[in-house]
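# A structural walkthrough
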Amino acid sequence: MSIPLVDLAAQHAEVAEEIEAGLADVFATTAFIGGKAVGEFELAYADFTQVSHCIGVANGTDALELALRGVGVQAGGEVILPANTFIATAEAVSRIGAIPVLVDVDPDYLLIDPNLVAAAITKRTQAIVPVHLFGQVAPVEKIIEIAAPLGIPVVEDAAQSQGATRFGRFAGGLGDAAGTSFYPGKNLGAAGDAGAVTTNRADVAERVRLIGAHGSAKKYVHDVVGFNSRLDTVQAVVLKAKLARLAGWNELRRAAAARYTELLADVPGVRTPNSMPGNNDVWHLYVVRVPNRDAVLHSLHEAGIGAGIHYPYPLHLTRAYAGLGYQFGDFPVSERAANEILSLPLFPHITQAQQRQVVEALRTLRPRAVKGTLVEVALGPLSQVSI
Ligand SMILES: *Cc1c(COP(=O)(O)O)cnc(C)c1O
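Computed from a predicted structure; not experimentally measured.

Further remarks concern a nonpolar patch on the surface. A cluster of nonpolar side chains, F27, F32 and I33, forms an exposed patch at the surface whose accessible area comes to about 300 Å². Looking at where F27 falls in the secondary structure, it is placed in helix α1 (residues 9-29).

Okay, the packing of aromatic side chains next. For the coordinates displayed, the defined rule picks out 10 aromatic pairs. Pairing F41 with F182 gives two aromatic rings, centres 5.5 Å apart and planes at 85°, and the pair type is edge-to-face. Of this pair, F41 sits in helix α2 (residues 36-49) while F182 sits in the loop between β8 (177-181) and β9 (195-199), and the two are 141 residues apart along the sequence. Exposure class is identical for F41 and F182. Each is buried.

Our next topic: the site of the ligand. With respect to spatial proximity, 14 residues lie near the ligand, and among them G60, T61, Q160, S181 and K186 are the closest. Between the ligand and G60 there is a distance of 2.8 Å, counted from an oxygen atom to a backbone nitrogen or oxygen. Contributing elements (two or more residues each) for the shell around the ligand: α3 (60-70) and α4 (88-96). Among the residues making up the shell around the ligand, the classes are represented as six nonpolar, six polar and two charged.

By convention, interface size is frequently given as the accessible area that disappears when the constituent parts associate. With domains assigned, the protein is organised as domain 1 (8-240) and domain 2 (246-364). The C-alpha-based centres of domain 1 and domain 2 are spaced at 24 Å. Between domain 1 and domain 2, the contact holds 46 residues from the first and 38 residues from the second. Taken over both partners, the interface formed by domain 1 and domain 2 buries close to 3500 Å², and the fraction arising from carbon and sulfur atoms is 59%. Where domain 1 meets domain 2, there are one salt bridge. Note that D108 is salt-bridged to R271, the shortest N-O span being 3.7 Å. Inspection of the domain 1/domain 2 interface yields 26 residue pairs in polar contact (both at pLDDT 80 or more). Secondary-structure elements contributing two or more residues to the side of domain 1 that touches domain 2 are α1, β2 (78-82), α4, β3 (99-103) and β6 (165-166).

Thresholds applied
Residues numbered from 1 in each chain as written. Predicted model: local features only at pLDDT ≥ 70, side-chain atom pairs only at ≥ 80, totals over all residues. Heavy atoms only, no water. Patch = residues over 30% accessible without salt bridge, like charges linked within 9 Å, V, L, I, M, F, W, Y side chains within 5 Å. Areas by Shrake-Rupley, 256 points an atom, 1.4 Å probe, with all protein chains shown as cover. Salt bridge = Lys/Arg side-chain N within 4 Å of Asp/Glu carboxyl O. Helix = DSSP H or I, 4+ residues; strand = E, 2+ residues; numbered from the N terminus. Phe/Tyr/Trp six-rings, centres within 6.5 Å; stacked < 30°, edge-to-face > 60°. Buried < 20%, exposed > 50% of the residue type's maximum accessible area, 1.4 Å probe, protein only. Near = heavy atom within 4 Å. Polar contact = N/O pair within 3.5 Å; in protein donor to acceptor, adjacent residues only side chain to side chain. Nonpolar A, V, L, I, M, F, W, Y, C, P; charged D, E, K, R; others polar. Domains from an automatic or database assignment. Contact = heavy atoms within 4.5 Å. Buried area = accessible area lost by both parts, 1.4 Å probe.

Rendered as structure tokens:
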């Protein structure tokens, strides 16, 4: 039996009826933009995340861009972010005309290393973006300790961390503002593209709403040059229904992650992920590290197991960001991780039998260091499943 990296069918089945009823209402009223579900979802998500403001937007990348603009990032400014993240974190910066300044991650959790942030700050630094990668909350308070005395705002990339907490406080409410994504495979996923900005700052919320609505708070009165980034009513209906189940789904993810960790304990060569003390993570991804990763991945795919790599190239080694001028060797922890990380199938409704099948496949493969370079290992086509 093949096992996908992510299976959304069971999730959707739980909310299908509610969504149908909600959609019937949207189509009956034809309130496709700014329908009542949008405001309801924004309030519900602000409540869930325990923040004062939530602004629904078109996708997660827009959410990050708007959050950055909201705290005052401008063209020519510098924004510090980890080398080990999805490219959208940097794209949000680049779209403003600001410059991504990369720092390495810590070797234990692969999250932005606060100890490296101070050295990356210059007079031009306009924001710092901790990324809660894999659903693990980054140590935002340590970054604020460095940034606050300098008046530098902290913007969280909370795309993978809906419902995660650090010392009891929710990701998305730890800094000056946050951008999150409701891409279908995220812990809270829409039926298409969607995202949100969350913040406790009224001034930021106001700016974000203004910029994301053509720079206009009042129809046809345009105060700044903005753009269009709105949460569709249809997506708000889907998100509202799923949000009511998110806490439960996150608990299922936590249980599945704990089960993997237990089952993998006696599998040699597999390093399992840990939660940083103080965190209650939400396991958007369950990422192990193995020495001969590409061969292991290939064999898992042959066995019908949809494992993945998040992400195979640190930002400085992408062609898109070659222009930043970094070199191989600049971010050794991210570079090494990129060769070892392996995301195992994980979703709320994964069964114990499926998890045992994944673990047994890994046990049979006996991950171990291989002679020669990894590229010599015949690689099948990588799964195009992106989550
Ligand atoms: C998904 C994701 C984004 C971007 O979200 P989109 O909705 O696809 O634009 C940004 N950052 C991280 C870490 C993500 O995982």
